[in-house]
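Reading the structure
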Amino acid sequence: MTLALILFSGVLLYPTFQSYRFTGKLASFSTPEDSIEYVNSNRQSIQSAQDKQLKLGLDLQGGMHVVLEVDVLGLIEAQARNRDESFDKILLGVKQEIKTNSTPIPTLLSNAFDAEGLRLSRYFYDDLRASNAEITAKLLSESESAVNRAKEIIRNRVDQFGVAEPTITTQGGRRIIVELPGVSDKERVRRLLKGTAKLEFKLVRDNALAFKVLQDVNTYLAKAYQFDSLGAPLPDSLLSVAALAQKRLQDSLSTRPDSLKSQDELKRENPLFALLGVEQNLIYTTEINRVKLQELLTRPDVRRRIPTDFDFAFDARPFSNTEDGLKLYRLYSLKREAELTGKNITEARSTMSIDGSRPEVTMKMDDEGAKIWGRVTGANINKQIAIVLDNTVFSAPVVQSKIANGSSVINGLESMQEASDLEIVLKAGALPAPVMIAEERTVGPSLGADSIRNGMLSLLFGFVTVGLFMIVYYRSAGMIANLALVFNIVFVIAALAGFSATLTLPGIAGLVLTIGMAVDANVLIFERIREESGRGKMMKLAIDLGYDKAFSAILDSHVTTFAAGALLYFFGIGPIKGFAVTLMIGIAVSLFTAIVITKIVLDWIHDREQTSSVSFG
Amino acid sequence: MRLLHNTNFDFIGKRKIAYVISAVMLFVGLGSMAIRGFHYGIDFKGGTEIVLRFQEPVEIAKIRAIASSVEISGVIKEFGNPKEVMITTDFSGDLNDLQGRLETGLKRELAQNPFEILKIDAVGPTIANDLKLSAVYALLGALVIILIYVSFRFEFKFAAAGVFAIFHDVLFVAGLFSLFGGVFSFMSLEVDLTVIAAFLTIVGYSITDTVVVYDRIRENLKIRKTEPYEKVFNDSLNETLSRTIITSGTVLLSVLVLFIFGGSIIRSFAFAMLIGIFVGTYSSIFIASAIVLDWQEKSGEKIKLRG
């Protein structure tokens, strides 16, 4: 039985060892061709080894853990008809409630309606006779399918992003958990995960007009607000509009230096222009000022000053970098109304152009889309149309000719990555409900490596110190306990691999702790044996009695600790689930190793030598 | 080798002193919890934490200046060693913006000292609340299960006293976290998920220790039916003393190893365990059995033990 268990754990651990060997082998090849060839010829065994090997948690191998929350309430809100004051009031209440309550939103909504004695059918669907419960059920299934669709779209994007072994799961009716091992390009992932809701095609407006609008806003802001702390000014290498104006003033009047306005004064007079740069037909800003600008331009009172058919949006990616590493973003002026939205896009694909020199994206539309697209492109030849996702501009290609059949090609892209991102953006057009990031945990690869090292070091030192103590204190019986301890660790790791659980840093902590706990059983037994033999019993009898009498205490203590671990696992609080798993497995295993294995070894020695050669110290 | 062999300490006789010591410690801990509260990690209060590692040691003041120049406000402190810095700010759904601003600022001002982002944790308010609730449920659930199991294996008085000892241990450690939260630079002593894991392990450990003593009391009560309870209890404590100390010692060793070598991430966890094991050992010797005895004498009934 024991032998079988040891063999079995060997079987469970073999893939881990194998996969480790493959990795080592791959690293030893000097050219990529060699390693590709090796992978090709051993694909199957590598694959199966990787599937069955002990998986490392994100905290050890690095990666991202993201919890996305789907805006189910927004989805429901969009469905409601005949909204009135009491509806809005309830909605506001629910909006507050969901911050602290993870019950499915339709249920919360229905509870709130019940409490007010209102019927949901007044606002949802067309059947006025439908009961609240019926409508709740309908809303529930709809929100569920929205979350599932969002999940599928996210999976699609993650797949295209090219992550090995991503896991994407839904949780509690409105959350999507995305785990991406080994990903370090955090910004790109966030953009892809979150870049969701609205895909629109908007005409780009003339910058001269934009300049007028900005001027108006600038004057208004200068009058209406006393700014003391604005964003960081543009560096000297860039000419801000404000500085330009000052320079002109200086040139034309050739005034004395002391009449020059200070930088602060200038900023106060030009709160908006201090944040912007202008070059020919380009209005741009820095990354830091972008935030400030966005905030300024979306203020309600400022919005009122902007013409109704006018909208501003920034680049999704910087279009250029300054010498000192500042990222620059374009400010686009757009027509506020979209010409076309993402729901008309049927297909998008990134490819290389036919001559293979430039990346491009091809895009197809449904009939309705193609009709509109033909009209829009026909009327705007040589003008730019911006592809806008969530109010950021991903690309603004120039219309070269009228496109009648809806099948378009976007070129002028800088890299294949840009092309594939654009493809994903175009495909993502119709995400049912907006999602936002509710939790993110990212571990960089070097921290992961540090944690593995620290964890292994702790495990080693923990084992060595406890092992040494046992030998010093219990002599040869201590050796046997240590042997059991080795088996304990091996079994726990094998069990982890077998259950395809992941080993995390808290998991290693659990393992280190298991070492301490596992010897406890042996300490209990050995103390008992010493006691019994101290009362003059024969060694063989003392050993049997020791195991016998210590058992109830060992069982009770193991069960209680196991219960604590089980609760930790059951309530599944995120990253420490791994700790609970190793602790539980460790405790279960130590019940076996500390009692059965040590007893077998002791009995075996006794049978062989008749007299006791085992010392209990 | 033998430690504490055939001891005859009068633990039970000194229980009044132990009560006073425990009462004072708990009073201070609870007082601090009421006044100072806890230093919650972002798991429970929500927020964004970024840990950076620089190639060369950096001045925190410099990082603070850079952060405020890019409009990042929050707590900035050293993380374990002078090359690592932790920035804690409010939760921001738009991490790209936050990270971008930070990177730009640091690259501009500290070009000669490159850095990498070791980790980013961002926890939104909904999640933080969920985590807090599940932590409370897990702790209470553990206590209830232990109460039921120990009542079933021994007797309700034993179970209640054992659970009280657990409360005693966890509250003591929690009191320390409240008193010293944020005081040391090498460990934050913030209450977060890993610390809750430590609390739960302390729960498990504390009851383990207590149960071993109970087990011996149960056994001795069966054999020595005529002797007074006080003597039986005290002898049982002495008989299990060497086991109690050795086990605490070995667990303490492995936790100490974690504390020293585990890195800054699990240092608070290891600290909680370290103290928890100390108090757990103390309470299983001086508090749990003593309470059972006092309760017993007040009620005047005989102990009816199962198992």
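Below: a short report on this structure.

Quick word on the interface of chain B and chain A
At the interface, 82 residues of chain B touch 80 residues of chain A. Here chain B packs against chain A, burying approximately 7,100 Å² in sum over the two surfaces, 61% of which is carbon and sulfur. Taken as a group, Met1(B), Asn96(B) and Phe261(B) account for 9% of the area that chain B buries against chain A, more than any other trio of residues on that side. Across the chain B-chain A interface, the total number found is nine salt bridges. Its salt-bridge partner being Arg53(B), residue Asp450(A) comes within 2.3 Å of it at the nearest N-O pair. Taken together, the links from chain B to chain A amount to 21 residue pairs in polar contact (both at pLDDT 80 or more). Elements with a contribution of two residues or more to the side of chain B that touches chain A: α4 (95–109), β4 (115–123), α5 (125–153), α7 (193–223), α8 (229–261) and α9 (267–286) of chain B. When residues in the side of chain B that touches chain A are grouped by element, the largest group, 17 residues, is from α5(B). For the side of chain B that touches chain A, the residue count by class is 41 nonpolar, 21 polar and 20 charged. Pairing of strand β17 (residues 435–443) of chain A with β4(B) involves five bridges; the strand directions are antiparallel.

Digging into the pairing of β4(B)
Residue and element names in this part refer to chain B. Across the nine residues of β4, eight count as buried, placing the element largely inside the fold. Alignment of strand β1 (residues 47–54) against β4, held across eight bridges, turns out to be antiparallel. When the sheet's bridge partners are listed, arginine 53 is paired in β4 with glutamate 116.

As for the environment of Leu221(B)
Mapped onto the elements of the fold, Leu221(B) is located in helix α7. Taking C-alpha positions, Leu221(B) is 6.8 Å from Val232(B), a pair spaced 11 residues apart along the chain.

Overview of unusual backbone geometry
Among all residues save glycine, negative phi is the norm, and among peptide bonds the norm is trans. Of note in the backbone geometry, Arg475(A) takes a positive phi value of approximately 55 degrees without being a glycine. Looking at the element boundaries, Arg475(A) is found in the loop between α17 (445–474) and α18 (476–498). In the Ramachandran plot, Glu71(B) falls in the positive-phi region, its phi being about 65 degrees despite a non-glycine side chain. Within the secondary structure layout, Glu71(B) lies in the loop between α3 (60–69) and β2 (75–79). A relative accessible area of 39% places Glu71(B) in the partly exposed class.

Topic: the pairing of strand β4 (residues 175–181) of chain A
All names here are of chain A. For β4, the buried fraction is high: six of the seven residues fall into the buried class. Sheet topology note: the strand β2 (residues 63–70)/β4 ladder contains seven bridges and is antiparallel. Counted as the bridge partner of glycine 63 is proline 181 from β4. Two elements, strand β3 (residues 167–171) and β4, share five bridges in a ladder whose sense is antiparallel. Among the inter-strand pairings, threonine 169 is bridged to a residue of β4, identified as isoleucine 177. Between β3 and the antiparallel strand that follows it, β4, lie three residues; glycine 172 among them carries a positive phi value of about 60 degrees.

About the cut-offs
- Residues numbered from 1 in each chain as written.
- Chains lettered and ligands numbered in written order.
- Predicted model: local features only at pLDDT ≥ 70, side-chain atom pairs only at ≥ 80, totals over all residues.
- Heavy atoms only, no water.
- Contact = heavy atoms within 4.5 Å.
- Buried area = accessible area lost by both parts, 1.4 Å probe.
- Salt bridge = Lys/Arg side-chain N within 4 Å of Asp/Glu carboxyl O.
- Polar contact = N/O pair within 3.5 Å; in protein donor to acceptor, adjacent residues only side chain to side chain.
- Helix = DSSP H or I, 4+ residues; strand = E, 2+ residues; numbered from the N terminus.
- Nonpolar A, V, L, I, M, F, W, Y, C, P; charged D, E, K, R; others polar.
- Pairing = 2+ DSSP bridges.
- Buried < 20%, exposed > 50% of the residue type's maximum accessible area, 1.4 Å probe, protein only.

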